[in-house]
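# Chain and residue survey
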Amino acid sequence: QVQLAQSGGGEVQAGGSLRLSCAASGNILRLNAMGWYRQVPGNQRELVAEITSTSGGAAAYAPSVEGRFTISRINAKMIDLQMNSLKPEDTAVYYCRAEGLTSDYRPFASWGRGTQVAVSS
């Protein structure tokens, strides 16, 4: 079992900043990717930012957040998402996602429970 614990988020006015954190725990042998997705009611969940081992730890961002959001790896099992210059259209539930191998060599893909981010104009 792999669990993802999210923290952070909340409400802020447009132009403000928020930070999200995600910590993975459980029988993890290797993390291949950790990242953040977001979802607005009625829409599909979309990638916000991700760090993958295949990219040498480089980050990939959705065009809508590039230059405003920064994803960072805090340690082997924890990431942050610093969100600056927030816009009302960033309002969504943000989900942490991780994929990799468990200690018994089984692939996994896990999601956090979601954190509300609300940006008012």
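Residues numbered from 1 in each chain as written. Predicted model: local features only at pLDDT ≥ 70, side-chain atom pairs only at ≥ 80, totals over all residues. Heavy atoms only, no water.

## Examining unusual backbone geometry
Backbone geometry places serine 85, a non-glycine residue, at a positive phi of 50°. With respect to the helices, strands and loops of the structure, serine 85 is situated in the loop between β8 (78-83) and β9 (92-102). Of the residues examined, serine 85 reaches a relative accessible area of 40% and is grouped as partly exposed. The backbone of tyrosine 105 shows a phi angle near 65°, a positive value even though the residue is not glycine. Mapped onto the elements of the fold, tyrosine 105 is located in the loop between β9 and β10 (107-111). A residue is classified by how much of its surface remains accessible, and tyrosine 105, at 61% relative accessible area, is exposed. (Helix = DSSP H or I, 4+ residues; strand = E, 2+ residues; numbered from the N terminus. Buried < 20%, exposed > 50% of the residue type's maximum accessible area, 1.4 Å probe, protein only.)

## Section: the pattern of salt bridges
Side-chain pairs of opposite charge can arise where the charged atoms are in close proximity. Following the criterion strictly, the structure yields six salt bridges and no others. In this structure, arginine 68 engages aspartate 90 in a salt bridge whose closest nitrogen and oxygen atoms are separated by 2.7 Å. Remark: aspartate 90 occurs in the loop between β8 and β9 and arginine 68 occurs in the loop between β6 (59-61) and β7 (69-75); sequence separation between them is 22 residues. A single burial state applies to arginine 68 and to aspartate 90, both of which are buried. Between glutamate 99 and arginine 97 there is a salt bridge whose closest N-O contact spans 2.6 Å. The class of glutamate 99 is partly exposed, set by a relative accessible area of 28%. One continuous salt-bridge network, built from bridges that share partners, spans Arg38, Glu46, Arg68 and Asp90. (Salt bridge = Lys/Arg side-chain N within 4 Å of Asp/Glu carboxyl O.)

## Description of the pairing of β10
Residues Phe108 and Ser110 point to one face of β10 and are all buried, whereas Pro107, Ala109 and Trp111, pointing to the other face, are not buried. Judged from the five bridges that link them, β9 and β10 form a sheet pairing that is antiparallel. Residue pairing across strands places arginine 97 opposite tryptophan 111, the latter belonging to β10. Following β9, the chain reverses through four residues before pairing antiparallel with β10; tyrosine 105 in that reversal takes a positive phi of roughly 65°. (Pairing = 2+ DSSP bridges.)

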